[in-house]
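For reference, the chains in residue letters:
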Amino acid sequence: MQLPILESINLMAVLPVLIIAGWACVLLVFDLLIPRSRKHWTAWLALVGLLGAAVALFFQIGHFARLGSEAAFDGMVTVDGFSIFLQVVFVLTAIVGVLLALDYLPRHGIERGEYYVLLLFTTIGMMIMSMAADLIVVFVALELLSIPLYILSGFAGMRETSEEAALKYFLLGAFASSFLVYGIALTYGGTGTTRLTGIAQAVTSDALNLPLTTVGMGLLLVGLGFKVAAVPFHMWTPDVYQGAPTPVTAFMSVGAKAGGFAALIRVLVTAFPAIASEWGTLIAVIAGLTMLLGNIVAISQSNIKRMLAYSSIAHAGYILLAVAAAQRSENASFAIGAVVFYLLAYALTNLGAFTVAIAVERDDGTGTEIDDFAGLGKTRPWMALAMALFMLSLTGMPISGGLVGKVFVFQAALQAVPGDPLLLAVVIIGVLTSVVSAFYYLKVIMVMYMREGEGKAVLPLALKTVLAATAFGTLVLGIIPGPVFQMAQRAMLK
Amino acid sequence: MTITPITIAFFIMAAFTLGGSLGVVTNRNLFHAALYLVLALFGVAGLFVLLEAPFLAAVQVLVYVGAIAVLITITIMVTRRIMGVTESVNRQWPLAAGVSAIMAITLGFVVLDRFAGKLPVAAVPGDNIVRLGEALVNYDAYLVPFEVASVLLLAAMIGAIVVARE
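Note that this is a predicted model, so its numbers are computed, not measured.

Counting its regular elements, chain A contains 20 helices and two strands. A compact globule built from 494 residues should have a C-alpha radius of gyration of about 23 Å, and chain A, at 21 Å, falls within 12% of that. Along the first, second and third principal axes, the C-alpha atoms of chain A reach 70 × 55 × 40 Å. Relative to its full complement of 494 residues, chain A shows a buried share of 63%. Once local pairs closer than 6 in sequence are excluded, the contacts in chain A between residues at least 24 apart make up 81%. Accessible surface, chain A as shown: approximately 17,300 Å² in total, 71% of it carbon and sulfur. With 25 positive and 26 negative side-chain charges, chain A shows a separation of 7 Å between the mean positions of the two kinds.

Written out as C-alpha cells, the structure reads:
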C-alpha cells in the first residue's frame, strides 16, 4: 500500500538524482577522513556513487519504455524518455570526468577531494535541468550546474590562466543568469504561472500575453544561449576552455552544453508552442551565425584546447539547427531525437579528443599546442589512430558518429518546414562549414602522422580505458546508429 | 490620476531607485558607485513595502542593503589598486548604451502594453509569510526548488572554501 502523498511525490522517478545528491554529501564527510596522500580513494568512491545512479537509470529505462512519462512532486519535474536519455549522457560524462582527473590532478599538484564532490553537484544540476517542468526549477538547476563549474575552472588556482578562466566564466555566467531570471519574471508577469504547461495554456487562451511572453522567451534564450555557447553569447568559451584544467574543460564542454540544450528544448517546445515559428526563425539565424563563426575562427587556432573550444561553438550551431527544426509539432519528435543523438555522438567524440589532449599535456600545463602532437603517429600508434577517428567524427566523415548525427540534423531541418528558405539556407551553411571544418580537424591528423617530433604522451590505465570506450562508442554510433537513434526517437517530451 | 500619499511615496521610492542606478553606472569613483547602489537597493525595498510585501522588503534590506552592499564596499576597500581608479576603462560604452536603450524601450513597451490601464490586483488575503513558508516545504508547491537551492548553497559554500584556501 502506498500513501497518496508518496505517490504524487514519486521519489522513485528521481532516484538517480537522489543517489548522487546523497552520495555527494556522504563523500564530503568521507573526504575529511581520507589522508592527503590517498585522495584517489575519493575519486573511486565518487565513481561508486555514479555507478549506483547508472544502475538506477538502467532500471528506469525499462520502466519508462513501458509507461512513457511520469511526473514527480506534483508536476514540478517530469521524467520521460528525453530526460532519461540525457541523464545517461550526464552520468557517463561525469564518470569520464572522474577518470580523466584521476591522474591529472596529482600530476599537476592540484589534487583535492572537493573536485569530485563539486563534479557530483554539477552533475545533479544537469540531471534536474533535463527533467525540469517549471521555470523556477530550470533556474535553480542552471545555477547548481554553473556554480561548481566556475569553481572547477579555477581549480588550478596557481596558474593565472585558470584563475582568469574562472573569473571570466563567473562574471559572464552571472550576467547571463540575470537575463534568464528577467525572462522568467516577464513570462510569469504575463501568464501568472511558472509551470511550462501552464504557460502554454495561458499564452493560447489570452492573446494579450503574447508580446510580454515573446520578450520573456527572448530573454530566456539569451540566458540559455550563453550556456550552450551560441553566437553572440560565445565570447567566454575560448578563454575558459583554454584556462580551465583540461579534465574540467572536457567535462563542461559536454555536460554544460547538453544541460543547456535540455532546458532550451523543454522550455521552447513545452511552454511556447504558440510562438513556435518566431523562436524557430530566431534559433535558425543564431544557428547559422554560430556555425559560421565557430568554424571560421577555429581555422587560425594553434592551441588544441582553444581549437576544440571554437569547435564546440560550431557544434552548438549544428544542434541549434535541429532545435529550430522542432518548431512544428509533427516534426518535433524526429528533431528532438536528432538533438539527443547528436549530443551523445558529440559527447563521446569530444571526451575522447580531450583525453588525448590530457595525455599529451605536460605537468606544468604546457604541451597544449597542436604542434606538440607531432610524432605521435609513430610513438603512440593506437592513441593517434583514436585521435584521428575523433577528428574525423567531429568533421563528419563516414563510419563515425559525427556523420550520422549531422545527417539526422540536416534531415530534421529540411523536413521541418518544407520549402522554408531560411532553414534551407542554414542547412547549406551547415554543409559548407562542415567542409571548412575539415581543414582544421585534418590538420591535427596531419601533424600526428606527417611531422617529426618527440611524440611524448603519458597514458595511464584510466585514460586508456576512456580512450578505448569513447572510440568504440564513436564507431558503434557511426556503423550501426539504428538502435540508438530509435531510442533517441522515443526520447521525446511527454 | 488622483494623487494620494501612496502615489507620492511611490514616486519618491522610484526616484531613489532610478537615481541610485544612474549614479552606479555614471560615477567614475568605484566607492561612490557602491554607495549609490545602496540607495538604489533601498528604493527597491521601499517599492516592496508599497506593494504590501513587508517580508520581501525586510529581506531586501537585510540581504542586499545589509550583506551584499557591505561585501562590495569591503572588497573595494581592501583592493587598494581599484580604489584609486577613476578613468573609464570601457571603450565600448556607446555600443552598450545603445543596446541597453533598445532593451529598455522594448521592455517598457511590452510591460505598458500588457498592464497599462489595469486596476491593481487585490492583495492576497491571509498571512503572506505563512503562505510563503508553507509553499517552500509543500510537495505540490516549491519543495523541489527549495531543496535544489539548499544543495546549491552547499556547493557554493564548498566552492568558497576551495577558492579561499589557496
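The helix and strand tally for chain B stands at seven helices and zero strands. The secondary structure elements of chain B, listed N-terminal to C-terminal, are α-α-α-α-α-α-α. Expressed as a percentage of the 166 residues in chain B, the buried residues total 20%. Element-wise, carbon and sulfur atoms account for 74% of the exposed surface of chain B, whose accessible area totals about 11,700 Å².

Residue and element names in this part refer to chain A. Membership of the largest hydrophobic core comes to 200 residues, with the highest contact counts inside it found for Phe272, Leu321, Phe373 and Met391. If you tally residues by element for this core, the top one is helix α14 (residues 329–360), at 22 residues. Two domains each put at least three residues into this core: domain 1 (9–162 + 233–268) and domain 2 (275–494). If we skip the residues at most four places from it in the chain, Phe272 touches Thr187, Ile199, Thr213, Met217, Leu220, Val267 and Trp279. One finds Leu186, Val215, Leu219 and Val222 within the second-largest nonpolar core, a separate group that totals eight residues.

Residue and element names in this part refer to chain A. Covered by surrounding structure in strand β1 (residues 69–72) are Glu70 and Ala72 only, the residues Ser69 and Ala71 on the alternate face being uncovered. In terms of strand pairing, β1 meets strand β2 (residues 77–80) through four bridges, oriented antiparallel. Paired with Ala72 across the two strands is Val77, which belongs to β2. Where β1 folds back onto β2 in an antiparallel hairpin, the turn is made up of four residues, including Phe73, whose phi is positive at roughly 50°.

What follows deals with the domain arrangement of chain A. All names here are of chain A. Looking at the assigned domains, one finds that chain A contains domain 1 (9–162 + 233–268) and domain 2 (275–494). In this assembly, 41 residues from domain 1 lie in contact with 45 residues from domain 2. Summing the contributions of domain 1 and of domain 2, the shared interface buries around 3,900 Å²; its carbon and sulfur component is 75%. For domain 1, the biggest contributors to the area lost against domain 2 are Phe85, Arg107 and Phe261; these three give 18% of the whole. Counting every contact that joins domain 1 to domain 2 gives two salt bridges. For Arg306, the salt bridge is made with Asp239, and the minimal N-O distance between the two is 3.1 Å.

To continue, consider the pattern of salt bridges. Residue and element names in this part refer to chain A. For the structure shown, the criterion picks out 12 salt bridges over all chains. Residues Arg328 and Glu330 are paired through a salt bridge, measuring 3.0 Å at the closest nitrogen-oxygen approach. For Arg328, a relative accessible area of 32% puts it in the partly exposed group. Salt bridges sharing common partners tie together Glu164, Lys168, Asp239 and Arg306.

Residues and elements named next belong to chain A. Omega for the bond connecting Val231 with Pro232 falls within 30 degrees of zero, at 5°, which places this linkage in the cis form. Here Ala229, not a glycine, exhibits a phi torsion of approximately 60°, which is positive. Relative to the helices and strands, Ala229 resides in the loop between α9 (210–227) and α10 (237–243). Although it is not a glycine, Ile399 sits at a positive phi angle of roughly 55°. Mapped onto the elements, Ile399 comes out in the loop between α16 (381–395) and α17 (401–416). By relative accessible area, Ile399 is classed as exposed at 52%.

Our next topic: the interface of chain A and chain B. Listed as interface residues are 41 residues of chain A and, on the opposing side, 29 residues of chain B. Contact between chain A and chain B buries roughly 2,900 Å² in total, counting both sides, with carbon and sulfur atoms accounting for 78%. Here chain A and chain B share zero salt bridges between them. Those elements that place two or more of their residues in the side of chain A that touches chain B are α1 (4–9), α2 (15–33), α5 (114–131), α6 (135–153), α7 (160–191) and α9 of chain A. Counting residues per element, the side of chain A that touches chain B draws most heavily on α6 of chain A, at nine residues. A per-class count over the side of chain A that touches chain B returns 28 nonpolar, seven polar and six charged.

Another point: the side chain of Thr355 of chain A. By the element assignment, Thr355 of chain A lies in helix α14. Judged by relative accessible area, which is 0%, Thr355 of chain A ranks as buried.

With that settled, the discussion passes to the packing of aromatic side chains. Residues and elements named next belong to chain A. Counted under the stated rule, the structure contains 19 aromatic pairs over all chains. Seen in terms of ring centroids, Phe334 and Phe408 are 6.3 Å apart; in terms of plane orientation they differ by 80°. Their pairing is edge-to-face. A residue pair is termed long-range when its members are at least 10 positions apart, and Phe334 in helix α14 and Phe408 in helix α17 qualify at 74 residues. Residue Phe334 is classed as buried on the basis of its relative accessible area, which comes to 14%. Judged by relative accessible area, which is 13%, Phe408 ranks as buried. Note on Phe341 and Phe485: the rings are 5.8 Å apart at their centroids and 75° apart in plane angle, and the pair reads as edge-to-face. Note that Phe341 is positioned in helix α14 and Phe485 in helix α20 (residues 482–490), a separation of 144 residues in sequence. Note on accessibility: Phe341 and Phe485 belong to one class, buried.

Since the α-helix advances by 3.6 residues per turn, residues separated by three or four positions end up pointing in the same direction. Residues and elements named next belong to chain A. Between its first and last C-alpha atoms helix α13 (residues 304–324) spans 30 Å; for 21 residues at 1.5 Å apiece the expected length is 30 Å, and the two agree. Counting buried positions over the 21 residues of α13 gives 20, a clear majority of the element. Sitting at the amino-terminal end of α13 is Asn303, which places a side-chain oxygen 2.8 Å from the backbone nitrogen of Lys305.

Cut-offs used in this document
Residues numbered from 1 in each chain as written. Chains lettered and ligands numbered in written order. Predicted model: local features only at pLDDT ≥ 70, side-chain atom pairs only at ≥ 80, totals over all residues. Heavy atoms only, no water. Helix = DSSP H or I, 4+ residues; strand = E, 2+ residues; numbered from the N terminus. Rg over C-alpha atoms; globule rule 2.2 N^0.38 Å. Buried < 20%, exposed > 50% of the residue type's maximum accessible area, 1.4 Å probe, protein only. Contact = heavy atoms within 4.5 Å. Areas by Shrake-Rupley, 256 points an atom, 1.4 Å probe, with all protein chains shown as cover. Lys, Arg positive; Asp, Glu negative; His and termini not counted. Charge placed at Lys NZ, Arg CZ, Asp CG, Glu CD. Core = buried A, V, L, I, M, F, W, Y, C linked by side-chain atoms within 4.5 Å. Domains from an automatic or database assignment. Pairing = 2+ DSSP bridges. Buried area = accessible area lost by both parts, 1.4 Å probe. Salt bridge = Lys/Arg side-chain N within 4 Å of Asp/Glu carboxyl O. Nonpolar A, V, L, I, M, F, W, Y, C, P; charged D, E, K, R; others polar. Phe/Tyr/Trp six-rings, centres within 6.5 Å; stacked < 30°, edge-to-face > 60°. Expected span 1.5 Å × (residues − 1). Polar contact = N/O pair within 3.5 Å; in protein donor to acceptor, adjacent residues only side chain to side chain.

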